[in-house]
Amino acid sequence: MTVIPLNRGWSHRRPLGPFAAADAATAAETPAHLPHDAMRDLPRSPQATSAGAMAYYPDAAVAYLRRLDVPGDWAGRIIHLEIEGAQRRSQVFVNDELVGNRQNGYARYLVELGPYLRYGATNELRIEVRTGEDSRWYSGAGLHRPVRLHVLPPVHVVPDGVTVRTLELDEDVATVEVQATVRNASPLTATRRVRTVLRGPDGEQVGVEDSPVTLIPGEQALVRQRFWLTDPDLWSPESPLLHTAEVTLDGEDPVTETFGVRTISVDPVRGLRINGDQVLLRGACVHHDNGPLGAAAIGRAEERRIELLKEAGFNALRASHNPFSTAMLEACDRLGMLVMDEAFDMWTRFKSVRDYALDFPQWWRQDLAAMIAKDRNHPSVILYSIGNEIIETGTPHGSRLARQLAEQVRELDPTRPVTNGVNAMLSVIDQAGEVIDPSVPLNEAGDVFNLVGSSEAATVRTEESSAVLDVVGFNYAETRYALDAERFPSRVIVGSETFAPKIGELWPLVLEHPHVIGDFTWTGWDYLGEVGIGATAYAEDPRAVAALEREYPYLTAWTGDLDLTGHRRPVSYYREIVFGLRQEPYLAVLRPEHRRHTITMQSPWAWSDSISSWTWPGFEGDWVQVEVYADADVVTLELDGAEVARAEVGARLPMLAELETVYQPGELVAIAWRDGAEVGRTVLRTAGEPRLDAEADRTVLWADDDDLAYVAIELRDTDGTLVTSADAERAVTVSVDGSAAVLAGMASARPSTEERFSDATWRTFDGRALAVLRPVEPGSVTVTVSAPGLEDVRLTLEVVAAG
């Protein structure tokens, strides 16, 4: 098998119908390097039909164009085009003939090109996508994941045809089975030898099997080969050791699959076990966008997210609410991040007026099969989720459908548990009025999710749809943990979606209940769309809309442990302390400009409007509110060595102390005490005059489709203290000298802005901005970062030819 990346040489424009086809020669085309998001650079508007759900981006229709030279000696071979993700309603044309289509923008699919190609000639590829009012968050538009060309001999291992499973794991022996599906597309009966070589993490051979298979024309056969590995290197989150399986047919190019030797089991007594060891899921839900890159799933962007999320204390991610890209899963495999792989955000009942519910009845079987075929060899994937907040889970016929989905998953991959993110309140939303007063706003109604979700109506109506699952995922329904331990003693539960501010109350519940295997917060990383659900609205702000969906020009949800640029927010450190992973206290200060303002909206997804800073010019002598997160009994504050405040920990939230003091520049120290003894301290210092600082996360890049360099831009004083004050913010410009790389995107974490990711100038937010460079060809580039009144910073990046 030969697999050819097909990510360069594309351009894009609006699709042209037959009456406009004559204008094709003069239609403006823009070059595109895949993965690519064409929506990212479209103008945002308060009149956008999808409004804040899609971050005020417009609907989009895009045609991607590429020439494909097909050698004459490819005649007689099987040629597939693999499209890992085309957002959305994609159609594939070759030489103006339709060869395939797919409605789901996250489904990886292949189309056979052979019958439509001109061999020994140049062919025209065109992939069209259309999207609009079909997502509850920013989805992007275009070929947002890679495109590949598969060139196969007539007798071949089919695409996705190699499956590797750990069947049994004893103390010193692992039984591994490799399944290879071989197809004969030739007109003659054929016999081939299937040779499989397993290699360990060090690349050394650990097993080999060789066996023949005979197929008549048109036949497909499954070849099973078993290996017994002694003293195997196991894959786990703490030690993500990877093996490879190389499957070859009679000397053809091998099909190589990466896998991990590991087992998964769940039960209500011992919870989740990996390789027999109990694991609690410290989880985060994450959407698929990559901030300044839009929806483009570029390999390094996906890897960087996993690195930063793991550094923040997470060991598991929920793919919310669509399958992750291959690049994301490969990063999870390498770095030891566990994954709940999720298929759908809706079934037959729509959430947006033109969403996938229109296509689900015809496509769900193919799309579910595509997810499992793509992802089943990734050891990081430990759970399959068949949906998120599906309203049908509260009906008999919805339960029938849940059973069908769950059984298809088990048929395709019996090695992983099946779950579903059930919002019990939504499942009985037609009866919610019997439990709560619907006229009360969400932010004033108390814990309505738990109130309705633990009701008898929810218990009865979700029983059947929950019974088809191996693990029941509950969104915002932690009151069911203890309730179901008695009502359904065989039920295993995961908190599939929870409010970030409640982790101090939720994590002790996970520790207390063995049948609860973990918690997934909403959300691990801020994202585009669902704008402002975590923002705080103040009555004194004339622009602020006191609603879950904030006003234009809001861009992001402003919820997440990490902001859009990957910087950790205060709630991330609070969570790390609650998890028991951090001993040092953390100090945050509520923005003093809002001290006397009235909060009109702060949703359950919102953390306090705080930042870790003691630089507040103009507020000298004013009272400020300070938060200290600590695993302690008491916290004291000292300003320049003198105690200025003291408070008990846990009055409002576990492991949180709230204190007030008068702001004066200097050194603020928070000291945590337990049983009268100091257990930790942390320091904030007032910053001086800003200077410009820029640092690239890597200075040597590969000239491929996956690499990137992230340049962190910060305002720091001469002692290195971050300058966060609003009056110090600067418009920062990034220029690139040289052709080896381009500025792929730029951003700050500011949740409300009219700046564009394609702009080379962004204003810092809380002292920070971020630039992303993408390599184009071997060579070197000079990156200059400049801001008015500050000295420029220059960086040199080297781009080397990919190996």
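The structure under discussion appears in the preceding block.
Residues numbered from 1 in each chain as written. Predicted model: local features only at pLDDT ≥ 70, side-chain atom pairs only at ≥ 80, totals over all residues. Heavy atoms only, no water.

1. Describing the overall build of the protein chain
Each helix and strand counted, the protein chain has eleven helices and 47 strands in total. Whereas a compact globule of 803 residues would reach a radius of gyration of roughly 28 Å, the protein chain reaches 27 Å, a difference of no more than 12%. Relative to its 803 residues, the protein chain shows a buried fraction of 59%. Within the protein chain, residue pairs in contact and separated by at least 24 positions form 71% of the contacts whose partners lie at least 6 positions apart. (Helix = DSSP H or I, 4+ residues; strand = E, 2+ residues; numbered from the N terminus. Rg over C-alpha atoms; globule rule 2.2 N^0.38 Å. Buried < 20%, exposed > 50% of the residue type's maximum accessible area, 1.4 Å probe, protein only. Contact = heavy atoms within 4.5 Å.)

2. A word on the packing of helix α10 (residues 503–512) against helix α11 (residues 570–578)
As a packed pair, α10 and α11 sit with axes 10 Å apart at the nearest point and diverge in direction by 25 degrees. When the interaxial angle is binned, α10 and α11 end up roughly parallel. The hand of the α10/α11 crossing is right-handed. When α10 is examined against α11, the residues Ile503, Gly504 and Trp507 are found in contact with a partner set consisting of Tyr574, Arg575 and Val578. (Axes fitted to C-alpha atoms, helices over the stretch in contact; angles between N-to-C directions. Parallel < 35°, antiparallel > 145°, perpendicular 65-115°, else oblique. Left-handed = near helix turned anticlockwise from the far one by under 90°.)

3. Brief notes about the sheet that holds strand β17 (residues 255–259)
A sheet is described by the order of its strands in space; here four strands give the open sequence β14-β13-β16-β17, paired in antiparallel fashion. Strand pairing shows two members of the sheet lacking a second neighbour, β14 (205–215) and β17, which therefore form its edges. With strand direction ignored, the average angle separating the axes of adjacent strands in the sheet is 15 degrees. Sheet topology note: the strand β13 (residues 190–199)/strand β16 (residues 243–249) ladder contains six bridges and is antiparallel. Bridge pairing links Val197 to Glu246 in β16. (Pairing = 2+ DSSP bridges.)

4. Observations regarding the packing of aromatic side chains
Per the counting criterion, the structure on display carries 23 aromatic pairs. For the ring pair Trp507 and Phe579, a centre distance of 4.7 Å and an interplane angle of 70 degrees mean the geometry is edge-to-face. Of this pair, Trp507 sits in helix α10 while Phe579 sits in the loop between α11 and β30 (586–590); the two residues are 72 residues apart in sequence, bridging distant segments of the chain. Note on Trp507: relative accessible area 5%, which makes it buried. (Phe/Tyr/Trp six-rings, centres within 6.5 Å; stacked < 30°, edge-to-face > 60°.)

5. Remarks on the pattern of salt bridges
Side-chain pairs of opposite charge can arise whenever the charged atoms involved come near each other. Scanning the model with the defined rule gives 62 salt bridges in all. Put simply, Arg300, Glu303, Glu307, Arg334, Asp697, Arg698 and Asp707 are held in one network by salt bridges that share partners. (Salt bridge = Lys/Arg side-chain N within 4 Å of Asp/Glu carboxyl O.)

6. Observations regarding the nonpolar core
If you look at the biggest cluster of nonpolar residues, it comprises 78 residues, and the most contacted ones within it are Leu81, Leu113 and Ile713. The contacts of Leu113, once residues within four sequence positions are left out, are Ile79, Leu81, Val94, Val99, Leu125 and Leu149. Counting 66 residues, the second-largest nonpolar core is a separate cluster that includes Ile372, Ile390, Leu469 and Phe474. (Core = buried A, V, L, I, M, F, W, Y, C linked by side-chain atoms within 4.5 Å.)

7. What about the layout of surface pockets?
For the largest pocket, the calculated volume is near 1300 Å³. Around the largest pocket sit 45 residues that line it, and Glu84, Arg148, Thr256, Thr326 and Glu330 are the ones nearest its centre. Top contributing element to the lining of the largest pocket by residue count: strand β11 (residues 155–169), with six residues. Of the residues belonging to the lining of the largest pocket, the class tally is 17 nonpolar, ten polar and 18 charged. (1 Å grid on protein atoms, 1.4 Å probe; cavity = no way out; pocket = protein on both sides within 12 Å on 5 of 7 lines; lining within 4 Å. Points joined across faces, edges and corners; volume = space filled by probe spheres on them. Nonpolar A, V, L, I, M, F, W, Y, C, P; charged D, E, K, R; others polar.)

8. A look at the sheet that holds strand β12 (residues 173–184)
Spatial strand order, β11-β12-β15: three strands in an open sheet with antiparallel pairing. Of all the strands in the sheet, the pair left with one neighbour each is β11 and β15 (220–230). Taken over all neighbouring pairs, the strand axes of this sheet differ in orientation by 20 degrees on average, direction set aside. Pairing geometry for β12 and β15, over eleven bridges, is antiparallel. What sits directly across from Val176, in β15, is Phe227.

9. A short note on a nonpolar patch on the surface
On the surface, Val700, Trp702 and Val800 cluster together to form a nonpolar patch covering roughly 260 Å² of accessible area. Within the fold, Trp702 resides in strand β40 (residues 700–702). (Patch = residues over 30% accessible without salt bridge, like charges linked within 9 Å, V, L, I, M, F, W, Y side chains within 5 Å. Areas by Shrake-Rupley, 256 points an atom, 1.4 Å probe, with all protein chains shown as cover.)

10. Structural notes on empty space enclosed by the protein
Tallying each qualifying case throughout the model produces six cavities of 30 Å³ or more. Computed from the structure, the largest cavity encloses a volume of approximately 200 Å³. In terms of lining, the largest cavity is formed by 19 residues, of which the most central are Tyr106, Asp134, Asp345, Met346 and Tyr356. Per-class residue counts for the lining of the largest cavity are six nonpolar, eight polar and five charged.

11. Comments concerning a negative patch on the surface
Taken together, the side chains of Glu168, Asp170, Glu171, Asp172, Asp202, Glu204, Asp231 and Asp233 define an acidic patch exposed on the protein surface. If you trace the backbone, Asp231 turns up in the loop between β15 and β16. Accessibility expressed as a relative area gives 61% for Asp231, which makes it exposed. (Lys, Arg positive; Asp, Glu negative; His and termini not counted. Charge placed at Lys NZ, Arg CZ, Asp CG, Glu CD.)

12. What about the environment of Ala121?
Tracing the backbone shows Ala121 in strand β9 (residues 121–131). We classify Ala121 as partly exposed; its relative accessible area is 28%. Taking the C-alpha atoms as reference points, Ala121 and Asp69, separated by 52 residues in sequence, lie 5.9 Å from one another. Every residue in contact with Ala121, bar those within four places of it in the chain, is listed here: Leu68, Asp69 and Val70.

All quantities given are derived from atomic positions and should not be read as evidence of function.
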